[in-house]
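Residue-level listing of the chains:
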Amino acid sequence: MKQVFGIVVQPGTSREEKKTGWRVFRPKFKQEACIGCRNCHMFCPDGAVYRIDKKKFDADLDACKGCGICAEMCPVDDIEMLLERN
Amino acid sequence: MAVEEVESRLLAYGHTACAGCGEALAARTVIEAAGPDVIIANATGCLEVFTTRFPRSAWRVPWIHSLFENAASVASGIEVALKALERSDEAKVIAQAGDGGTADIGMGAFSGMLERGHDILYVCYDTEVYSNTGFQRSGLTPLYAHTTTSPAGELTWGNATRKKDLPSIAVDHGAVYVATASVGYPQDITRKVKKALSLSGPKYIQIHCPCVPGWGIESHMTIRVARAAVNSGLIPLFEIVEGNIIGVRKIKEDERVSVEEYMKLQKRFSHVLKSPRGKDLIRQVQSIANLNIEKFGLLGINE
Ligand SMILES: Cc1ncc(C[n+]2csc(CCOP(=O)(O)OP(=O)(O)O)c2C)c(N)n1
């Protein structure tokens, strides 16, 4: 008989809970002045920022909580925090 | 939206850490540095709670939670089991906990793990407060920080004790590798985790992680605050291999800040700045930073 002590859940399933409703602000990656420093990518606590190209990044809004770290850490002001409207 | 890069992270999104959580960034950095071939034993605390809200999990690696106090013991059991099964080469064992889980209630288990010499990397996410239960003081809470159990009032100025020197305690147990890191410098965390995992024996890394609600900062300030702690000298970043300091992160002249500038960023110290005794209190905190600067040689350039 197989016995399981405790609770076993499936890996990576937290992704079923989208973070859309958490945000007050959302980041807008202007993709104009990017120098490819990767700060936004490296400092995102939720791993929401992804790389499109060497000098082009964006945030996955299913994962983003709108903390604003990417915008603060961007050395060339290429990310803007906009008020969520919905 | 389902972007492949975001979907495939070892610590998945969708967990319930606060926006801007320093501990979440540190944990993501650690697991991405360690890679998929690990088994994690996690103590109770924010990291455990926000990554495994029933019936879901954010982890994509084998991960187990038992109690608040015993992550080091559970990890020890896993390490010994892997040895007995002759499967130690298949996975590295990581134990992880908050500052309360490490410096206070888990101290005995942590000490035992180090003493027995298990091949484990123990990571302490130091939020300087029991974050998960509403910000009670821990042994790693710094001097004069307001917490719910060291409240600032008319006759008190917040936490009356200094931060416990846990890295030295680990060194004195004979840990093969002891390092401090900060979420303000993720590349440094990555390098230290990789280095630790390349050595066999007990290893300890303590990562300083700002807590947005616990420290009273805005969610976008996490990195700025973490860096100010390092650049004030209050959180020295060093590496100790077999008892010898082999490297420190120097404070660059143009990045150096006073402890007052660091404290000003956070609500947990606001009473200090307002107090008539403020100057004296700040001087005491500055002297802790100065001692670190002297002890670890944080100023100047690397030879
Ligand atoms: C034996 C025991 N006592 C108390 C608790 C309640 N408790 C759960 S998490 C926690 C605080 C964890 O703080 P820390 O270890 O600093 O981790 P953080 O939440 O800061 O990441 C406490 C007191 C518990 N789970 N078990």
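That block above? That's the structure.
Residues numbered from 1 in each chain as written. Chains lettered and ligands numbered in written order. Predicted model: local features only at pLDDT ≥ 70, side-chain atom pairs only at ≥ 80, totals over all residues. Heavy atoms only, no water.

Caption draft 1: Quick peek at the packing of aromatic side chains. Residues and elements named next belong to chain B. Counted by the stated rule, this structure contains 7 aromatic pairs over all chains. Judged by centre distance (6.2 Å) and plane angle (15°), the ring pair of Trp 59 and Trp 63 falls under stacked. Between the aromatic rings of Phe 110 and Tyr 204, the centroid separation amounts to 4.9 Å while the plane-to-plane angle is 55°, which identifies the pairing as tilted. Highlighted residues: Phe 110 in helix α6 (residues 107-116) and Tyr 204 in strand β6 (residues 203-208), separated in sequence by 94 residues. Residues Phe 110 and Tyr 204 agree in their burial class; the two are buried. Cluster of aromatic residues (ring-pair linked, three or more members): Phe 110, Tyr 122 and Tyr 204. (Phe/Tyr/Trp six-rings, centres within 6.5 Å; stacked < 30°, edge-to-face > 60°. Helix = DSSP H or I, 4+ residues; strand = E, 2+ residues; numbered from the N terminus. Buried < 20%, exposed > 50% of the residue type's maximum accessible area, 1.4 Å probe, protein only.)

Caption draft 2: Here's a closer look at the interface of chain B and chain A. At the interface, 39 residues of chain B touch 36 residues of chain A. For the pairing of chain B and chain A, the buried interface totals around 3,100 Å² over both sides, and the portion due to carbon and sulfur atoms is 54%. Taken together, the links from chain B to chain A amount to 5 salt bridges. Among the salt bridges present, the one from Glu 16 of chain A reaches Arg 56 of chain B, with a minimum N-O distance of 2.7 Å. Summed over the shared surface of chain B and chain A, the number is 25 residue pairs in polar contact (both at pLDDT 80 or more). Considered class by class, the residues forming the side of chain B that touches chain A number 20 nonpolar, 10 polar and 9 charged. (Contact = heavy atoms within 4.5 Å. Buried area = accessible area lost by both parts, 1.4 Å probe. Salt bridge = Lys/Arg side-chain N within 4 Å of Asp/Glu carboxyl O. Polar contact = N/O pair within 3.5 Å; in protein donor to acceptor, adjacent residues only side chain to side chain. Nonpolar A, V, L, I, M, F, W, Y, C, P; charged D, E, K, R; others polar.)

Caption draft 3: Structural detail: helix α8 (residues 186-198) of chain B. Residue and element names in this part refer to chain B. The first and last C-alpha atoms of α8 sit 19 Å apart over 13 residues, in line with the 18 Å expected at 1.5 Å per residue. For α8, the complete set of buried residues consists of Pro 186, Asp 188, Ile 189, Lys 192, Val 193, Ala 196 and Leu 197. Along the axis of α8, the buried positions cluster into a sector of 160°, meaning they face one direction only. Seen from the buried face of α8, the exposed residues on the opposite side, beyond 90 degrees, are Gln 187 and Ser 198. (Expected span 1.5 Å × (residues − 1). Arc of directions from axis to C-beta.)

By themselves these figures say nothing about function.
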